[in-house]
Amino acid sequence: MRAAQLTAWRQPLTLATLPDPTPGPGEVVLRVLACGVCRSDWHAWTGADPDVVLPMVLGHEFCGEVVALGAGVSRWRPGDRVIAPFILACGLCGDCAAGHQTICANQQVPGFTRDGAFAELIAVPFADTNLTALPESLPSHVAAGLGCRVTTAWQALVGRAELRPGEWLAVFGGGGVGLSALLLGRALGARVVVVDVVGDKLAHAKSLGADAVVNAAETDAAEAVRELTGGGAHVAIEALGIAATMTGAMRALRKLGRLVMIGMPAGEHTAMTLPMDVLYSGQLTLQGTRGMPAWRYPSLLSLIDGGHVDLSPLVTRTITLSQASDELAAFDRPAPPGVAVITDFAS
Ligand SMILES: [Zn+2]
Ligand SMILES: [Zn+2]
């Protein structure tokens, strides 16, 4: 099969011909139909992720068609069009049994702990646990964009914050995951204010239905959100993983507000100073989140299939496998708007 392999940090991916994967017990092999290029791939590409051992086929935001089944797989047949979350949970441990697949101690992550989907084929472990059938109405390139940003936002809003209709949601960070939170928050009946420092991103958020936008480069964002929302947001999503947005999000909440941190703090941001007096006096809830359990896919796909949310504006370009290297390098600069998805694996 044709695959794009990371063979040296920060270098263009090597386009290689690798042996076709054969499915082990519980695994299926998919013909990859589409795979998103994500900032997490860039983290791996730079060598910042300790899980990644070279050489590695990147790619964790994929959907595909089942082409081969390993022993013991019962739910899938060749020809099924399916999607998986990026956290591939074992389905057997106590945490999985309790529905908490994102903390499964046996989890595998394609593109990080095993070969991913920048390739014509991918072997998916624990297939009965992790795969979900895609509705026909959802194009593959849009589905692939769900793999990470949209599913993480869905889990944050529904599984963590338990966002309710009519509540105010403040989204700090207008990138891919922030825009996903905006679209899903609106679909859930919330009112949404998006905060960023880039005017273009705020204009894009407004065009996607944000009730209000706030430019944190021009004003005290927390104060502006408290004013817009009549006392503060009920829920805040932090999508960058840095102290400035965490602090802004905490201060933007009303009392008993809930803050979900989606942004991954890395490097100098792993430790940060936060206004804990605001947490105390506001009786706030602070939560972290990572990924989404596969069992939440049906509710998300149903919302999309029913036309209640259109995620296609998130995907701004479809590319070939050989163009993935340029997309990774582009994350060194402020990311271009929207998501790139590989749909052509032959060129
Ligand atoms: Zn497990
Ligand atoms: Zn991703």
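Heads up: these notes are all about the structure in this document. (Residues numbered from 1 in each chain as written. Chains lettered and ligands numbered in written order. Predicted model: local features only at pLDDT ≥ 70, side-chain atom pairs only at ≥ 80, totals over all residues. Heavy atoms only, no water.)

Examining the sheet that holds strand β13 (residues 253-261)
Pairing is parallel across the open sheet formed by six strands, whose spatial order is β11-β10-β9-β12-β13-β14. Two strands in the sheet have a free side with no partner beyond their single neighbour: β11 (212-215) and β14 (285-288). With strand direction ignored, the average angle separating the axes of adjacent strands in the sheet is 20°. Pairing of strand β10 (residues 191-196) with β11, which is carried by four bridges, proceeds in the parallel orientation. From the neighbouring strand, Val193 faces β11, where its bridge partner is Ala212. (Pairing = 2+ DSSP bridges. Helix = DSSP H or I, 4+ residues; strand = E, 2+ residues; numbered from the N terminus. Axes fitted to C-alpha atoms, helices over the stretch in contact; angles between N-to-C directions.)

Description of the coordination of the zinc ion (ligand 2)
Protein ligation of the zinc ion (ligand 2) involves Cys38 (SG), His60 (NE2), Glu61 (OE) and Cys148 (SG), the donor distances falling in the range 2.0 to 2.3 Å. Angles of 94 to 118° at the metal separate the four donor atoms of the zinc ion (ligand 2), which places the site in the tetrahedral class. Taken in chain order, the donor set of the zinc ion (ligand 2) reads C-x21-H-E-x86-C. For His60, a relative accessible area of 1% gives the class buried. (Donors = N, O, S within 2.8 Å, 3.2 Å for Na, K, Ca; no water. Tetrahedral: all angles 85-135°; square planar, octahedral: opposite > 155°, others 65-115°. Buried < 20%, exposed > 50% of the residue type's maximum accessible area, 1.4 Å probe, protein only.)

Concerning the nonpolar core
Within soluble globular proteins, side chains that are nonpolar generally end up buried alongside one another. Judged by nonpolar contacts, the single largest core of 50 residues is most densely connected at Leu13, Phe62 and Phe118. Among the elements that take part in this core, strand β3 (residues 28-37) stands out by supplying six residues, more than any other. Not counting the four nearest positions on each side in its chain, Leu13 is found in contact with Ala4, Gln5, Leu6, Trp45, Leu58, Phe118, Ala324, Ser325 and Leu328. Counting 49 residues, the second largest nonpolar core, distinct from the first, contains Leu138, Ala161, Leu182 and Leu301. (Core = buried A, V, L, I, M, F, W, Y, C linked by side-chain atoms within 4.5 Å. Contact = heavy atoms within 4.5 Å.)

With respect to the pairing of β3
Burial of β3 is extensive: nine of the ten residues sit out of reach of the surface. Of the strand pairs in this sheet, β3 and strand β5 (residues 61-69) are connected by eight bridges, and their pairing is antiparallel. Along β5, the bridge assignment pairs Cys35 with Phe62. With four bridges connecting them, β3 and strand β7 (residues 121-124) associate as antiparallel partners. Along β7, the bridge assignment pairs Leu30 with Ile122. The pairing of β3 with strand β16 (residues 339-344) spans three bridges and is antiparallel. Counterpart to Gly36 in the pairing with β16 is Val341.

Topic: the packing of helix α5 (residues 149-160) against helix α11 (residues 297-305)
Packed helices, taken two at a time, are described by their axes: the angle between them and the distance between them. At a closest axis distance of 11 Å, the pairing of α5 and α11 adopts a crossing angle of 105°. The pairing of α5 with α11 is recorded here as roughly perpendicular in orientation. Note on element contacts: α11 touches α5 through Tyr297, Ser299, Leu300 and Leu303, opposite Val150, Thr151 and Trp154. (Parallel < 35°, antiparallel > 145°, perpendicular 65-115°, else oblique.)

A short note on the side chain of Ser140
On the secondary structure map, Ser140 appears in helix α4 (residues 140-144). Judged by relative accessible area, Ser140 falls into the buried class, the value being 18%. Here the side chain of Ser140 touches Arg81 through a polar contact of 2.9 Å, side chain to side chain. Setting aside residues no more than four positions away along its own chain, Ser140 makes contact with Leu33, Ala34, Cys63 and Arg81. (Polar contact = N/O pair within 3.5 Å; in protein donor to acceptor, adjacent residues only side chain to side chain.)

A look at the packing of aromatic side chains
Taken as a whole and assessed by the stated rule, the structure comprises zero aromatic pairs. Stacked on the ring of Trp42, the Lys or Arg Arg39 has its end atom at 5.3 Å from the ring centre. (Phe/Tyr/Trp six-rings, centres within 6.5 Å; stacked < 30°, edge-to-face > 60°. Lys NZ or Arg CZ within 6 Å of the ring centre and 35° of its normal.)

Considering the coordination of the zinc ion (ligand 1)
Donor atoms from the polypeptide that coordinate the zinc ion (ligand 1) comprise Cys90 (SG), Cys93 (SG), Cys96 (SG) and Cys104 (SG), at 2.3 to 2.4 Å from the metal. One way to put it: the four donor atoms around the zinc ion (ligand 1) meet at angles of 102 to 118°, and that makes the site tetrahedral. Site description for the zinc ion (ligand 1): donor spacing in sequence, C-x2-C-x2-C-x7-C. You'll find Cys93 and Cys96 in the same group, each marked buried.

Some details on the pattern of salt bridges
Pairing between side chains becomes possible if they bear opposite charge and their charged atoms approach one another. In the structure shown here, the tally under the stated rule is eight salt bridges. Arg149 is the salt-bridge partner of Glu61, the closest N and O atoms lying 2.6 Å from each other. Taken together, the residues Glu61 in strand β5 and Arg149 in helix α5 connect sequence positions 88 residues apart. Here the two residues Glu61 and Arg149 agree in accessibility, since each one is buried. Connected through shared salt-bridge partners, Arg164, Glu167 and Arg258 make up one network. (Salt bridge = Lys/Arg side-chain N within 4 Å of Asp/Glu carboxyl O.)

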